[in-house]
Amino acid sequence: MEEVGLVEEVVSMSSALSSSERANLHAETFLTTGTVDHDNLPDTAQVDVSAPASHSAHDFLWYARCRKCRQLLVTNQHVVSHDVGKGFKQTKRGGANATSSGGEPECTSLYVEPMRWMDQEALADRAGVLLCPNAKCQTRLGDFDWAGSTCSCGAWVTPAFQIKMSKIDKMKKPT
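Residues numbered from 1 in each chain as written. Predicted model: local features only at pLDDT ≥ 70, side-chain atom pairs only at ≥ 80, totals over all residues. Heavy atoms only, no water.

## Brief notes about the confidence of the model for the protein
- Residues at a pLDDT of 70 or more form 71% of the protein, whose mean pLDDT is 78.
- For the protein, per-element mean pLDDT is lowest for helix α1 (residues 2-12), which scores 48, and highest for strand β5 (residues 140-145), which scores 96. (pLDDT = per-residue confidence, 0-100. Helix = DSSP H or I, 4+ residues; strand = E, 2+ residues; numbered from the N terminus.)

## Notes on the pairing of strand β1 (residues 62-66)
- Taking burial as the measure, the 5 residues of β1 include 5 buried ones, the bulk of the element.
- The pairing of β1 with strand β9 (residues 168-172) spans 5 bridges and is antiparallel. The residue of β9 that forms the bridge with Y63 is M171.
- Taken together, the 3 bridges between β1 and strand β2 (residues 72-75) define a ladder with antiparallel strand orientation. Bridging from a neighbouring strand, R65 pairs with L72 of β2.
- The antiparallel pairing of β1 with β2 creates a hairpin that spans 5 residues between the two strands, and R70 there sits at a positive phi of about 75°. (Buried < 20%, exposed > 50% of the residue type's maximum accessible area, 1.4 Å probe, protein only. Pairing = 2+ DSSP bridges.)

## Some points on the nonpolar core
- Counting 25 residues, the largest nonpolar core has V74, W117, M118, W146 and F161 as the members making the most contacts within it.
- Secondary structure elements with two or more residues in this core: α2 (19-33), β1, β2, α3 (120-123), β5 and β8 (160-164).
- It is β1 that contributes the most residues to this core, 3 residues altogether.
- Excluding anything up to four places from it in sequence, W146 contacts H26, A27, F30, L31, V36, P114, L123, D125, R126, T158, P159 and F161.
- Grouped together as the second largest cluster of nonpolar side chains are 8 residues, A23, V80, Y111 and C151 included. (Core = buried A, V, L, I, M, F, W, Y, C linked by side-chain atoms within 4.5 Å. Contact = heavy atoms within 4.5 Å.)

## With respect to unusual backbone geometry
- Cis peptide bonds are those with omega within 30 degrees of zero, and the linkage from T158 to P159 qualifies with -20°.
- Mapped onto the secondary structure, P159 falls in the loop between β7 (156-157) and β8.
- In this structure, R70 is a non-glycine residue whose phi angle is positive, near 75°.
- With respect to the helices and strands, the residue R70 is situated in the loop between β1 and β2.
- Given the relative accessible area of 34%, R70 is considered partly exposed.
- Unusually for a residue other than glycine, Q138 sits at a positive phi of about 55°.
- Here Q138 shows up in the loop between β4 (127-131) and β5.
- What makes Q138 partly exposed here is its relative accessible area of 38%.

## Some points on the packing of aromatic side chains
- All chains considered together, the criterion is met by 3 aromatic pairs.
- Taken together, a centroid distance of 4.8 Å and an interplanar angle of 15° make the contact between F30 and W146 stacked. With F30 in helix α2 and W146 in the loop between β5 and β6 (149-150), this pair connects stretches of sequence that are 116 residues apart.
- Under the relative-accessibility criterion, F30 is labelled buried at 7%.
- Take W146: its relative accessible area is 0%, and that puts it in the buried class.
- Pairing W146 with F161 gives two aromatic rings, centres 5.0 Å apart and planes at 85°, and the pair type is edge-to-face. One end of the pair, W146, is in the loop between β5 and β6; the other, F161, is in strand β8, with 15 residues separating them in the sequence. For the pair W146 and F161, a shared accessibility class is recorded, and that class is buried. (Phe/Tyr/Trp six-rings, centres within 6.5 Å; stacked < 30°, edge-to-face > 60°.)

Okay, here's the thing in structure tokens:
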């Protein structure tokens, strides 16, 4: 149990860690204990998207909203990066990969670290559905799996909190 306390302590001091590292720490905690400390998850409730960018290292460049109700979901600081095109290549029905104009496979989802707005009861399961936090909307935004999943570009992402790009609007922060 001492290991669990150490992991939770590291997560709580995680401001200096990248979103990928924070997501991995949350996954390690979940896989070890079967629970997630919901209070240590990042929150977008206090984010002011109308304030101009301050060009500091802690400022965000863009944010994503639910396409249906415009609820703020994540900023670029919460995105879990992955190696685009590394891994298993999925093909479409015609046999061609979904690619961008540069020839690289295209990601059709945004992978983020676990967020406070995500349903606490759902996060207690190994895998499930991500719904919009707005009680009047509840649009299905994507899926999650603590063990990971394959991106449309072929990369394996662990843990996988996948928000489909077709369900969100990415907005640049005003400068």
